[in-house]
Every structure is written in C-alpha cells, then in structure tokens.
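Letter by letter, the chains look like this.
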Amino acid sequence: QVQLVESGGGLVQAGGSLRLSCAASGRTFSNYAMGWFRQAPGKEREFVAAITWGGGSTVYADSVKGRATISRDNAKNTMYLQMNSLLPEDTAVYYCGAGRSVYFVRTGELDYWGKGTLVTVSS
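Notes on the structure follow. Please read all numbers here as calculations on a predicted model, not as lab measurements.

**A few points about the nonpolar core**
Of all hydrophobic cores here, the largest spans 37 residues; its most connected members are L4, M34, W36, I70, M79, L81 and Y94. Sorting the residues of this core by element identifies β1 (2-7), β3 (18-26), β4 (33-39), β5 (46-51), β7 (68-73), β8 (78-83), β9 (92-99) and β11 (117-122) as the ones contributing at least two each. Sort the elements by how many residues they give to this core and β5 lands first, with five residues.

Structure, rendered in structure tokens:
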C-alpha cells in the first residue's frame, strides 16, 4: 500500500503561483510513476501532469503546458506541482496518484490516489 497526502492548496489571485506537494508513505515511492489530476466543480476529473519513477521524463496536459512543472524528490518521498500564471479555470480539487508507468498514469489507471487539495483562483 502507498498512502498519498496532498498539500499546498489554497486561494490565490489570477496570475499568481502555487506549489502543491504530494507526500507518500508505505511501499517504495520510487517504484511508481506519479501524476496530478484535477476535478473542477461539475466536471470530470482530468489529467494534469505525470512523471516517471526516476523523474527523467514528464508529460503535461495542453491546458497547463508552459505554466506547470512536475517534479519529485525520491529521497523525501514527495512529488510537487509548481503552477504559475494561474487562471480562474485552474480552480479545482487537485489529486495526486501513483501508477505502474507514465502510460498508466496518463490514462488515469492509477494504483493509488490521494484525497485531494483544493485550489481556488480568483479573478
């Protein structure tokens, strides 16, 4: 089992920045590819970004490309999502997850999910 806990959400003005964290415990964090998803009110959960187990490769949704950076520190069992130039449409609950590969993470086939952290971007 892997337990995932997100943090770093909050209220931020449009154009601002935020860094989300996902702390992992349990089984070996570095064995898993990781990713971020988000779910806005009234919408389905959508993919945001993913990173390989070693951190050497990343992939982003078009909606955040150029504004988001996913990273991980396997020594700290923590993954991050740096979001810049935030837009009101970035408002959502952000979830982190762990999967067998970036392919599975990208398609939402995750082995473990966190409970989410709310990001609200005001205009």
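**Notes on the pairing of β4**
A large share of β4 lies buried, amounting to six of its seven residues. Bridge count for β4 against β9 is seven bridges, and the pairing is antiparallel. Looking at the pairing, F37 lines up with Y95 of β9. Summarising the sheet, β4 and β5 pair through five bridges and their orientation is antiparallel. Within β5, the residue paired with R38 across the bridge is E46. Between β4 and β5, which follow one another and run antiparallel, lie six residues, and G42 among them has a positive phi close to 75 degrees.

**Regarding the environment of W36**
Relative to the assigned elements, W36 resides in strand β4. For the pair formed by W36 and G114, sequence separation is 78 residues and the distance between their alpha carbons is 9.8 Å.

**Focus on the state of the cysteines**
Counted according to the given criterion, the structure contains one disulfide. Each sulfur in the disulfide pair C22 and C96 lies 2.1 Å from the other. A torsion of 60 degrees about the S-S bond marks the disulfide between C22 and C96 as right-handed. Within this pair, whereas C22 is found in strand β3, its partner C96 is found in strand β9, the two being separated by 74 residues in sequence. Residue classification places C96 among the buried positions, given a relative accessible area of 0%.

What counts, and at which threshold
Residues numbered from 1 in each chain as written. Predicted model: local features only at pLDDT ≥ 70, side-chain atom pairs only at ≥ 80, totals over all residues. Heavy atoms only, no water. Core = buried A, V, L, I, M, F, W, Y, C linked by side-chain atoms within 4.5 Å. Buried < 20%, exposed > 50% of the residue type's maximum accessible area, 1.4 Å probe, protein only. Helix = DSSP H or I, 4+ residues; strand = E, 2+ residues; numbered from the N terminus. Pairing = 2+ DSSP bridges. Disulfide = S-S within 2.5 Å.

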